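# Observations on the model geometry
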Amino acid sequence: MRGFKLFSVGTACVLLMIAYKPTFGQAPTVKEQIESAKLRDSEGVTSGHTVSGIVRDKEGEPLAGVSIYVKGTTEGTTTDAEGHFKFPTKLKEGEILTFSFMGLESVEYAVMGAADEYMEISMLEDVTIIGDLAADDVYTTKTGLRQLFRKIF
Amino acid sequence: MRACASALIIVSFVATGVYGQLSDFNGNDFTKADSIAEMYPRYSLGNLKVLSDKLTKPLSTDVEKFRAIFKWVCINVESDYALFVENKNMRSKLKGEKLSAWEKKFSARVFSVLTAKHRTICTGYAYLVKELAFHSGLNCRIVDGYSRHARANVGGSGIANHSWNAVELQGKWYLCDPTWSSGTIDNERQTFVKKFEDAYFLTEPRLFSQNHYPLDSQWILVKVKPSLQKFLHAPLVYSASLRYGVEPLAPTSFSIDVARGTRVFFQFNKGRGNEFSSLALYLENSRTSDAFTKQEKACNTSYSVEHKFLHKGKYAVHIVMDGAHVLTYEVRVN
């Protein structure tokens, strides 16, 4: 039964990949977002406030395409070309929003107060690239022809 | 002796796939986590939250979730030789502001190559593991530092060249290296050869510290920490050393000088890890291409292999278990 479930998930994923290829990054999110929103409705937790804002990098430039989620749920949105976002559902004080962008470390912010809120988010932590590769070859005292060639030229 | 050897062979079959470093999770079977990781080949990196959910939602324990993430990254991301060469060359060429400016552009390119082609260099692997873990609620971080292999940090004063991960599971921190678990570079062909290596997943920290030394020494995760100098000058270990649980005892340094006619005993400890059925010493003479097997001698968990150096020269001495290199020394005979 469990095997079948996994298989279905896999199949669904492949279908999604085919169906939504051009906007793949966001397509499954929208579907999951609706499901999640429905779930929240049924639990009666929709009485919150609107959260919007802007996300910038450490130079202060707006970041487009930052994905934003309520932590622990699949409810999310992304920033537009100017780095702005408006969360699609109402949020409650204390809920955590996660902000992620490829190449930057994800950050978390808590939703404050009971009134509508405008967040200014800075994603500061970029990653210094270090470049080693997977190497497990055997040490040799000899200089290979290739290395010799490189040394000379 | 023959009876002993056959006993060892039997043990080696039983022990296959069981590594000491995972002893805290002996009750865990990663079959399910691994099979989930295999369900999403080359899945889009456009939204890591979506991928993380797919990999971890069906799993109940943190260690299984982390395993699925680690395994997915290792089997789906390849090392990019061209990026490695460019990074190495530019770092030695540029300094100060020019280096910072180049670093920023390079970083953007590394991540766009990762997203578009599933190819990267070590920081990209460590970043993916960290971010996927973040989205499943696991506390994971990137650890930068020195890695040591045949072409890096053998002697010298040390160059920080590598990134790996530390992850908190059940209140304890563990170490892993997704880059080295993903496969190896064929040095001659300068291409990546994909091969999952379990030895760098939640490795016993003492073994891990033989070829990984963090810039921030708190991430060594062993009580008695070796100095950076000791790390850089220790006998050279390989992935197989971690699989077999090999730690060198004597000589304590990679490079040794001896007088002609000296008998040198190469000794090491073997802790938890795969059992072996053959042990050999290979001698590589720098002046000829000859290499030959010497002898074996075993007692309990520490082993000693000896060789008498009769001729002047510089030799690479290898200790080899079941055909896999586990230790290398460089011996100068005067």
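Residue indices follow the written sequence of each chain, beginning from 1 at its first position. To label them, take the chains in the order written and letter them from A, then take the ligands in the order written and number them from 1. It should be noted that, the model being predicted, local features are given only for residues of pLDDT at least 70 and side-chain atom pairs only at 80 or more, the latter also being counted only at that level, while totals for whole chains, interfaces and linings use all residues. As a rule here, side-chain values come from all non-hydrogen atoms in the structure, and water together with hydrogens is ignored.

## Some thoughts on the overall build of chain A
Applied cut-off: For helices the rule is a DSSP run of H or I covering at least 4 residues; for strands it is a run of E covering at least 2, with both sets numbered from the N terminus onward. Exposed residues in this analysis have more than 50% of their type's maximum accessible area, buried residues have under 20%, and partly exposed residues fall in between, with area computed by a 1.4 Å probe over protein chains only. Residues count as neighbours in contact if any of their non-hydrogen atoms are within 4.5 Å of one another. Per-residue and other accessible areas follow the Shrake-Rupley method at a 1.4 Å probe size, with only the shown protein chains counted as cover for residues.
When you go through chain A residue by residue, the secondary structure sums to 3 helices and 7 strands. Looking at the 153 residues of chain A, the share that counts as buried comes to 40%. Excluding contacts between residues fewer than 6 apart, the proportion of contacts in chain A whose partners are at least 24 apart in sequence is 53%. Surface summary for chain A: the accessible area is close to 8800 Å², and the carbon and sulfur share equals 59%.

## A few points about the domain arrangement of chain B
Residues and elements named next belong to chain B. Spelled out, the test is: Here the bounds of each domain stem from an automatic or database domain assignment. Once two parts are put together, the accessible area they lose, assessed with a 1.4 Å probe and summed over both, is termed the buried area. Whenever Lys or Arg places a side-chain nitrogen within 4 Å of a carboxyl oxygen from Asp or Glu, that contact is recorded as a salt bridge. Contacts described as polar in this section are N or O atom pairs within 3.5 Å, which, within protein, must combine one atom able to donate a hydrogen with one able to accept it, while residues neighboring in sequence count only if both atoms come from side chains.
Looking at chain B, the domain boundaries give domain 1 (18-232) and domain 2 (243-333). With centres defined by C-alpha atoms, the gap from domain 1 to domain 2 works out at 30 Å. Tallying the contact residues gives 12 residues for domain 1 and 9 residues for domain 2. Regarding the contact of domain 1 and domain 2, the summed buried area is about 870 Å², with carbon and sulfur atoms giving 49% of it. At the junction of domain 1 with domain 2, the criterion picks out 2 salt bridges. A salt bridge links R206 to E247; the shortest N-O distance between them is 2.8 Å. In this structure, the connection of domain 1 to domain 2 is made through 3 residue pairs in polar contact (both at pLDDT 80 or more).

## Some details on the packing of helix α3 (residues 48-56) of chain B against helix α4 (residues 62-76) of chain B
Packed helices, taken two at a time, are described by their axes: the angle between them and the distance between them. All names here are of chain B. Note the cut-off: Lines fitted to C-alpha atoms define the axes, with helix axes restricted to the stretch in contact, and inter-axis angles between N-to-C directions lie between 0 and 180 degrees. In this scheme, roughly parallel covers angles under 35 degrees and roughly antiparallel covers those over 145, while 65 to 115 is roughly perpendicular and the rest are oblique. Two helices that cross are described as forming a left-handed crossing if the nearer one is turned anticlockwise from the farther one by less than a right angle, and a right-handed crossing if clockwise.
Across the interface, α3 lies against α4 with an axial gap of 8 Å and an inter-helix angle of 120 degrees. By the angle class used here, α3 and α4 are oblique. Where α3 crosses over α4, the handedness of that crossing is right-handed. Residue-level inspection shows L51, L55 and T56 of α3 in contact with α4, the latter providing K65, A68, I69 and W72.

## Here we look at the packing of aromatic side chains
Residue and element names in this part refer to chain B. Rules: We call Phe, Tyr and Trp rings a pair once their centres come within 6.5 Å, taking the six-membered ring for Trp, and we label the pair stacked below 30 degrees between planes, edge-to-face above 60, and tilted otherwise.
Counted by the stated rule, this structure contains 23 aromatic pairs over all chains. Between F111 and Y127, the ring centres sit 4.9 Å apart and the planes meet at 65 degrees, which makes this aromatic pair edge-to-face. Within this pair, whereas F111 is found in helix α6 (residues 96-117), its partner Y127 is found in helix α7 (residues 122-135), the two being separated by 16 residues in sequence. In this structure, F111 and Y127 share a single accessibility class: buried. Plain terms: the ring middles of F268 and Y303 are 5.4 Å apart, the flat faces sit at 20 degrees to each other, and that makes the pair stacked.

## As for the sheet that holds strand β2 (residues 67-70) of chain A
As a reminder of what qualifies: DSSP-based pairing: two strands are paired if at least 2 bridges between them are found.
Across the sheet, which stays open at both edges, the 4 strands sit in the order β3-β2-β5-β6 (chain A) with antiparallel pairing between neighbours. Whereas interior strands pair on both sides, the edge strands pair on one side only; in this sheet they are β3 (76-78) and β6 (104-110) of chain A. Direction aside, neighbouring strands of the sheet carry axes that sit 20 degrees apart on average. In the sheet, β2 of chain A pairs with β3 of chain A via 3 bridges, with the strands oriented antiparallel. Bridging across to β3 of chain A, Y69 of chain A finds its partner in G76 of chain A. Running at roughly 20 degrees to β6 of chain A, α7 of chain B makes contact with β5 (96-101) and β6 of chain A of the sheet.

## A look at the interface of chain A and chain B
Contact residues are listed per partner, giving 45 residues for chain A and 72 residues for chain B. Looking only at chain A, the three residues that lose the most surface to chain B are M102, I129 and Y139 of chain A, adding up to 17% of its buried area. Where chain A touches chain B, the interface holds 3 salt bridges. Linking K104 of chain B and E59 of chain A is a salt bridge whose minimum nitrogen-to-oxygen distance equals 3.1 Å. Those elements that place two or more of their residues in the side of chain A that touches chain B are α1 (2-19), α2 (27-43), β2, β5, β6 and α3 (145-152) of chain A.

## Observations concerning α7 of chain B
Residue and element names in this part refer to chain B. Applied cut-off: Helices are assigned an expected span. That span is 1.5 Å times one less than the residue count.
For α7, with 14 residues, the first-to-last C-alpha span of 20 Å sits near the 20 Å given by 1.5 Å per residue. The buried count for α7 comes to 14 of 14 residues, which makes it a mostly enclosed element. Where α7 ends, the next residue or the one after it, G137, has phi of about 80 degrees, a positive value.

## Here's the deal with the confidence of the model for chain B
Residue and element names in this part refer to chain B. Threshold: On a scale of 0 to 100, pLDDT captures the predictor's confidence in every residue.
When pLDDT is averaged along chain B, the result is 87; 88% of the residues meet or exceed 70. The lowest-confidence element of chain B is helix α1 (residues 2-15), averaging 34 in pLDDT; the highest-confidence one is α4, averaging 98. Low confidence marks residues 1-20, where pLDDT is under 50. Its contacts with residues over four positions away, or in another chain, come to 16 contacts. Scored below 50 in pLDDT, residues 286-295 makes 27 contacts in the model with residues more than four places away or belonging to other chains. For this predicted complex, the interface score ipTM comes out at 0.81, alongside a pTM of 0.81.

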